[in-house]
Amino acid sequence: MTPRRLFAVIPAAGHSRRMGTHKLLLSLGKETVIQRLIRGLSVSRICRIIIVARRADQSFAAHLAGEDVELVQPEVDPPDMKASVQAALRWIEAHYHPTEEDSWLLIPADHPVLKPDLIERLCEVWSQSAARIMIPTFEGQKGHPAFFRWSVAKEVFQLGAEQGINALWKEGTASPMLWECEDLEILIDLDTPADLEAVRQRFAPDFE
């Protein structure tokens, strides 16, 4: 029997306008933001990491050249996260022909403090769950990554133009399983220089 596969989807086609520079290439110790996230996702239960970027973002593509990831750069730049997710799902469908036994997780590219042991725990909980969607929470707040059965991919393509991914559970029929964990890291992302400085100070020992 073919083992169930779990694909990691990372939308990375934003312009980092609030950061004022390409935030995924900013350094956190000896690695960059995107490298930190890739390390966090490099666990045995995740079979492939799919990153979606803009077509013209060649500096980002070059930065990822030595990483064990698959970079998708659509002909038309994704205008939002939903479009990036759709591009990744198309890529997975075309190259890996997933079945209903497979699943995928979604994690924005600017979440650099997720550690492999946390991802492993989340993957283990997901593997034991019968839910169609699972979202980790910290003190009641929803975080990342979110997990989806492959069947949910079809519903992503049925979302309206004004609907985001969260419409799958806010307006759709899928009721997510919320898994409360003790890890603040699932809430931490980088949008502004202040966010970056706060992460550098709070997690300084991890970046040495």
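Residues numbered from 1 in each chain as written. Predicted model: local features only at pLDDT ≥ 70, side-chain atom pairs only at ≥ 80, totals over all residues. Heavy atoms only, no water.

### Regarding the pattern of salt bridges
Working step 1: Counting across every chain of the model gives 15 salt bridges.
Working step 2: Put simply, Arg36 and Glu31 hold a salt bridge, and the shortest N to O gap is 3.6 Å. The burial state of Arg36 is the same as that of Glu31; both residues are buried.
Working step 3: For Asp57, the salt bridge is made with Arg54, and the minimal N-O distance between the two is 3.5 Å. The burial state of Asp57 is the same as that of Arg54; both residues are buried.
Working step 4: Through salt bridges with shared partners, a single ionic network connects Glu31, Arg36, Arg39 and Glu67. (Salt bridge = Lys/Arg side-chain N within 4 Å of Asp/Glu carboxyl O. Buried < 20%, exposed > 50% of the residue type's maximum accessible area, 1.4 Å probe, protein only.)

### A look at the pairing of strand E4 (residues 48–52)
Working step 1: Counting buried residues in E4 gives five out of five residues, a clear majority hidden from the surface.
Working step 2: Of the two faces of E4, the one carrying Arg48, Ile50 and Val52 and the one carrying Ile49 and Ile51 are both buried.
Working step 3: Pairing analysis gives three bridges linking E4 to strand E5 (residues 70–72), with the strands arranged parallel. For Ile51, the partnering residue across the bridge sits in E5 and is Leu71. (Helix = DSSP H or I, 4+ residues; strand = E, 2+ residues; numbered from the N terminus. Pairing = 2+ DSSP bridges.)

### Notes on the side chain of Ser129
Working step 1: With respect to the element layout, Ser129 can be found in the loop between helix H4 (116–127) and strand E7 (133–138).
Working step 2: On the basis of relative accessibility, which here comes to 12%, the residue Ser129 falls in the buried class.
Working step 3: Among all residues touching Ser129, those that are not within four sequence positions of it are Arg149 and Met177. (Contact = heavy atoms within 4.5 Å.)

### As for unusual backbone geometry
Working step 1: That bond from His144 to Pro145 is cis: its omega, 5°, falls within 30 degrees of zero.
Working step 2: Tracing the backbone shows Pro145 in the loop between strand E8 (141–142) and strand E9 (146–149).
Working step 3: Located in the positive-phi region is His97, a residue other than glycine, with phi close to 45°.
Working step 4: Secondary-structure assignment places His97 in the loop between helix H3 (81–96) and strand E6 (103–106).
Working step 5: Of note, Glu139 is a non-glycine position whose phi angle comes to about 50°, a positive value.

### As for the UniProt feature "domain: MobA-like NTP transferase" (unreviewed entry) in the chain
Working step 1: The positions that UniProt labels "domain: MobA-like NTP transferase" (unreviewed entry) are, in the present scheme, residues 8–171.
Working step 2: Helix makes up 32% of residues 8–171 and strand 20%, with an end-to-end C-alpha separation of 24 Å. (UniProt positions renumbered as here; feature names shortened; annotations may be inferred.)

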